[in-house]
Amino acid sequence: MRATLKGWNYAVKNQKEAVQIVLVNCGNTCKGSGTRSSAASHQTWQMTEVAKLYNAGPTLKGRAGYLDPVTYKANVTLLKSLGILKADPAPAAVTYKVWEKATGKK
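Residues numbered from 1 in each chain as written. Predicted model: local features only at pLDDT ≥ 70, side-chain atom pairs only at ≥ 80, totals over all residues. Heavy atoms only, no water.

Tell me about the overall build of the chain, residues and numbers included.
Along its length, the chain carries 5 helices and 0 strands. Scanning the chain from its N terminus toward the C terminus, one meets helices and strands in the order α-α-α-α-α. Computed over C-alpha atoms, the radius of gyration of the chain comes to 17 Å, more than 25% over the 13 Å expected from 2.2 N^0.38 for 106 residues, which places it beyond the range of a compact globule. When the backbone C-alpha atoms are referred to their principal axes, the chain occupies close to 40 × 35 × 20 Å. (Helix = DSSP H or I, 4+ residues; strand = E, 2+ residues; numbered from the N terminus. Rg over C-alpha atoms; globule rule 2.2 N^0.38 Å.)

Following this line, the structure appears as structure tokens:
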């Protein structure tokens with residue numbers, strides 16, 4: 001998790017480079033499903049959108065990668081109201097131990 005967060009921090013700060021790294025490793029298989037855009041255009045769009053998500057919520061509070069309990073509960077409630085979940089997930093479905101160990105935060 002520590003390496004993942006380090007990688008996402010770097011990718012968001014260096015989006016053009018991140019897109020080029022992805023393209024070198026996947027070429028035209030990166031082309032957007034159902035789009036007519038080039039692989040580079042599609043990956044650039046995806047990186048821009050992911051950066052918006054990454055730079056929101058817990059990241060703004062120095063807690064990148066943290067699953068906010070209030071947001072989690074709201075999503076469970078929404079998924080239950082839509083019939084996607086029939087019941088609350090077991091309490092053990094969420095643990096913060098790995099995130100805490102990787103970040104040194106509680």
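Mind laying out a nonpolar patch on the surface, listing which residues take part and the relevant values?
A cluster of nonpolar side chains, contributed by Leu 78, Leu 79, Leu 82 and Ile 84, occupies part of the molecular surface with about 370 Å² of accessible area. By secondary structure assignment, the location of Leu 82 is in the loop between α4 (69-81) and α5 (97-103). Residue classification places Leu 82 among the exposed residues on the basis of a relative accessible area of 55%. (Patch = residues over 30% accessible without salt bridge, like charges linked within 9 Å, V, L, I, M, F, W, Y side chains within 5 Å. Areas by Shrake-Rupley, 256 points an atom, 1.4 Å probe, with all protein chains shown as cover. Salt bridge = Lys/Arg side-chain N within 4 Å of Asp/Glu carboxyl O. Buried < 20%, exposed > 50% of the residue type's maximum accessible area, 1.4 Å probe, protein only.)

Can you explain the pattern of salt bridges? Please cite residues and give values.
All chains considered together, the criterion is met by 3 salt bridges. Linking Glu 49 and Lys 52 is a salt bridge whose minimum nitrogen-to-oxygen distance equals 3.0 Å. Within this pair, Glu 49 and its partner Lys 52 are both found in helix α3 (residues 39-54), separated by 3 residues, close to a single helical turn. Its relative accessible area of 28% is what places Glu 49 among the partly exposed residues. Lys 106 is the partner of Glu 100 in a salt bridge, and the nearest nitrogen-oxygen pair spans 3.9 Å. Overall, Lys 106 belongs to the exposed group, its relative accessible area being 74%.

Summarise the side chain of Gln 43; cite the residues concerned and give the values.
By the element assignment, Gln 43 lies in helix α3. Given the relative accessible area of 12%, Gln 43 is considered buried. A distance of 3.0 Å separates polar atoms of two side chains, one belonging to Gln 43 and the other to Gln 46. In contact with Gln 43, not counting residues within four places along its chain, are Val 19, Val 22, Leu 23 and Cys 30. (Polar contact = N/O pair within 3.5 Å; in protein donor to acceptor, adjacent residues only side chain to side chain. Contact = heavy atoms within 4.5 Å.)

Explain the nonpolar core residue by residue, including any values.
In terms of nonpolar packing, the biggest core is built from 14 residues, with Leu 5, Val 12, Leu 23, Met 47 and Tyr 54 touching the most fellow members. The set of elements that each furnish at least two residues to this core consists of α1 (2-13), α2 (15-26) and α3. Among the elements that take part in this core, α3 stands out by supplying 4 residues, more than any other. With near-sequence residues (within four places) excluded, Val 12 lies in contact with Met 47, Ala 51, Tyr 54 and Asn 55. (Core = buried A, V, L, I, M, F, W, Y, C linked by side-chain atoms within 4.5 Å.)

Purely geometric numbers; function is a separate question.
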